[in-house]
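# Reading the structure
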Amino acid sequence: MTWVALAGGVGAARFLRGLVAVVPPEDVVAVVNTGDDREFYGVHVSPDLDIVTYTLAGQVDLQKGYGLAGDSFALVDALARFGHPTWFRLGDRDFATCLHRTLRLRAGAGLAAVTDEIRRALGVASRLLPMSEDPCPTYVGLRDGRRLHFEEYLARDGAPDEVVDVDLGAAARARPGPGVLDAIAGAEGVILCPSNPVVSIGPILALPGVRDALRRSAAPVVAISPIVGGAPVKGPADRLLRGIGAEVSARGVAALYRDVARGFVLDERDLEDEEDVAALGLVPSVVDTLMTDAARAARLAEATLELARRLR
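Residues numbered from 1 in each chain as written. Predicted model: local features only at pLDDT ≥ 70, side-chain atom pairs only at ≥ 80, totals over all residues. Heavy atoms only, no water.

### Thoughts on the sheet that holds strand 9 (residues 187-192)
- If you trace the seven strands from one edge of the open sheet to the other, you get 5-2-1-9-10-13-14, paired in parallel fashion. A single partner strand is all that each edge strand has here, and the edge strands are strand 5 (127-130) and strand 14 (283-287). The sheet shows a mean angle of 20° between the axes of neighbouring strands, direction not considered.
- Relative to strand 5, strand 2 (residues 28-32) runs parallel, the two being bridged by four bridges. Bridged to Val31 within strand 5 is Leu129.
- Where helix 1 (residues 9-22) meets the sheet, its contacts fall on strand 1 (2-7), strand 2, strand 9 and strand 10 (221-224), and the angle it forms with strand 2 comes to roughly 170°.
- Sheet contacts for helix 2 (residues 47-56): strand 2 and strand 5; angle to strand 5, the most-contacted strand, approximately 175°. (Pairing = 2+ DSSP bridges. Helix = DSSP H or I, 4+ residues; strand = E, 2+ residues; numbered from the N terminus. Axes fitted to C-alpha atoms, helices over the stretch in contact; angles between N-to-C directions. Contact = heavy atoms within 4.5 Å.)

Listed below in structure tokens is the structure:
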């Protein structure tokens, strides 16, 4: 009886930390966004896969929500002295993870197999599936005509507000990763984590066959809003939602998921959106969704599972 979570970034990782506290970790399968993947310093970096892995391994830098706790940055600091751009701050032990990934990929291993090696080495019991093994870069278009890789937009340029387009075309042309569609088809329930709906969950849903698999699934599909009190808890979801013409609200996110989800968890601070969510055809559940610690993450997971069970 597996619970499949579509995941990407810090919000998903924190939710998954709560989920594995209330169900056996080995019963959780996370399908993780790879639209942020990019080569830095000669190594293949998978930001969302690593955030989820490090969090479930209990090794993440809790203050930042990403990277390894206590990591050093001697490598990027040395590269900076040689004149290399180092706006993407990759820690030394984090670099070792990415170097292992790169060496194995060059040896012919697939990203799914390498991801499984890394999670096992770090003691993570849940299965982690890259959404795709094909290149799926997400690009953000700005009003001034620039087209930026998402990491350039976020980490280098600080997520400017002039978004006019988000290009998920690469994901739309890619193949779902090994096990992704099978996991959805065999799930006890599917959860769309409280991740950025545009650039974290959006690329997964853009993959050919994923939306159809969710629509066909006999299992309940429940989404969790990453918007609390009309604003994202973390990250630039508000700028990206406006950029694609979506409302920055719980009901705005619900509208993006209405064709695949049957239930929708929204924060109690957005109670006024409950009726609008129901009008979209989704069964709402209003709870405290702020995951400021592990106990609150577990309570949110319990509430999400309860809604899913009601929808069976």
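So that's the structure; there's more coming.
### Description of the pattern of salt bridges
- Under the counting rule described, the total for this entry stands at 26 salt bridges.
- A salt bridge links Asp157 to Arg156, with the nearest nitrogen and oxygen atoms 2.9 Å apart.
- Judged by relative accessible area, Asp157 falls into the partly exposed class, the value being 27%.
- In this structure, the salt-bridge partner of Asp212 is Arg215, at a minimum N-O distance of 2.8 Å. Taken together, the residues span about one helical turn, with Asp212 and Arg215 both in helix 10 (residues 210-216) at a distance of three residues.
- Linked by salt bridges that have partners in common, Arg38, Asp144, Arg146, Glu152, Arg156 and Asp157 make up one network. (Salt bridge = Lys/Arg side-chain N within 4 Å of Asp/Glu carboxyl O. Buried < 20%, exposed > 50% of the residue type's maximum accessible area, 1.4 Å probe, protein only.)

### Quick word on the sheet that holds strand 7 (residues 147-149)
- Overall, antiparallel pairing links the three strands, which are arranged 7-6-8 in an open sheet. Here the strands that pair on one side only, and so sit at the sheet edges, are strand 7 and strand 8 (163-167). Averaged over all pairs of adjacent strands, the angle between strand axes in this sheet comes to 25°, irrespective of strand direction.
- Direction of pairing for strand 6 (residues 139-142) relative to strand 8: antiparallel, over a ladder of four bridges. If you follow Val140 over to strand 8, its bridge partner there is Val166.

### Considerations on the packing of aromatic side chains
- Applying the stated criterion across every chain yields a total of five aromatic pairs.
- Taken together, a centroid distance of 3.9 Å and an interplanar angle of 10° make the contact between Phe40 and Phe88 stacked. In this pair, Phe40 is assigned in strand 3 (residues 38-40) and Phe88 in the loop between helix 3 (74-81) and helix 4 (92-106), connecting sequence segments 48 residues apart.
- Note on Phe40: relative accessible area 7%, which makes it buried.
- Both rings, one in Phe150 and one in Tyr153, keep their centres 6.1 Å apart while their planes meet at 35°; by these two values the pair is tilted. Remark: Tyr153 and Phe150 occur in helix 6 (residues 150-156); sequence separation between them is three residues, near one turn of the helix.
- Among the residues examined, Phe150 registers a relative accessible area of 5% and is labelled buried.
- We classify Tyr153 as buried; its relative accessible area is 0%. (Phe/Tyr/Trp six-rings, centres within 6.5 Å; stacked < 30°, edge-to-face > 60°.)

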